[in-house]
Amino acid sequence: QVQLVESGGGSVQAGGSLRLSCTASGRIFSINTMGWYRQAPGKQRELVATMTSGGTTNYADSVKGRFTISRDNAKNTVYLQMNSLKPQDTAVYYCNLRLLECSVNGCSDVDYWGQGTQVTVSS
């Protein structure tokens, strides 16, 4: 079993900053990608930022230049530094851990999700 514990959400005014963290525990054999997704009320979950095991990052256009994803592999922790927050960033943010799980039958990607943490940005 893999568990993800998130922290760092809260309420801030536009232009403020928050730092989200997510720590994974359990049986982790191989990490492909760690990342963050968000979901606003009435909308689908969308990608915010991801980082592959090789360090390649991917950001949504709406957060480029404002958000930074990082990780501490020794602690199995991924972070999301969010600066210059906008009201449009208001959503529940979910930590995602995509693991490459292998057996004698081969390997496949498996996604694990945190419980979500609320980020509210007021104007």
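Our subject is the structure listed above.
Residues numbered from 1 in each chain as written. Predicted model: local features only at pLDDT ≥ 70, side-chain atom pairs only at ≥ 80, totals over all residues. Heavy atoms only, no water.

(A) Representation of the overall build of the protein within the structure. Assigned secondary structure in the protein consists of zero helices and 11 strands. Scanning the protein from its N terminus toward the C terminus, one meets helices and strands in the order β-β-β-β-β-β-β-β-β-β-β. Taking 14 Å as the expected radius of gyration for a compact globule of 123 residues, we find that the protein reaches 15 Å, a close match to that expectation. Within the protein, the proportion of its 123 residues that are buried is 37%. Counting only contacts in the protein whose residues sit at least 6 apart along the sequence, the fraction spanning at least 24 positions is 55%. Here the protein has roughly 6,700 Å² of accessible surface; of this, 45% comes from carbon and sulfur atoms. (Helix = DSSP H or I, 4+ residues; strand = E, 2+ residues; numbered from the N terminus. Rg over C-alpha atoms; globule rule 2.2 N^0.38 Å. Buried < 20%, exposed > 50% of the residue type's maximum accessible area, 1.4 Å probe, protein only. Contact = heavy atoms within 4.5 Å. Areas by Shrake-Rupley, 256 points an atom, 1.4 Å probe, with all protein chains shown as cover.)

(B) The arrangement of the sheet that holds strand 1 (residues 2-7) in detail. Pairing in this open sheet of four strands is antiparallel, and the strands run 1-3-8-7 from one edge to the other. Lying at the two open borders of the sheet, with one neighbouring strand each, are strand 1 and strand 7 (67-72). The mean angle between the axes of side-by-side strands here comes to 15°, regardless of whether they run parallel or antiparallel. The pairing of strand 1 with strand 3 (residues 18-26) spans six bridges and is antiparallel. Counterpart to Val2 in the pairing with strand 3 is Gly26. (Pairing = 2+ DSSP bridges. Axes fitted to C-alpha atoms, helices over the stretch in contact; angles between N-to-C directions.)

(C) The arrangement of unusual backbone geometry in detail. In this structure, Asn76 is a non-glycine residue whose phi angle is positive, near 50°. With respect to the element layout, Asn76 can be found in the loop between strand 7 and strand 8 (77-82). Positive phi values are uncommon outside glycine, yet Ser84 reaches one of about 50°. Its location among the elements puts Ser84 in the loop between strand 8 and strand 9 (91-103). Looking at Ser84, the relative accessible area reads 40%, which means it is partly exposed.

Worth remembering: the numbers are spatial, not functional.
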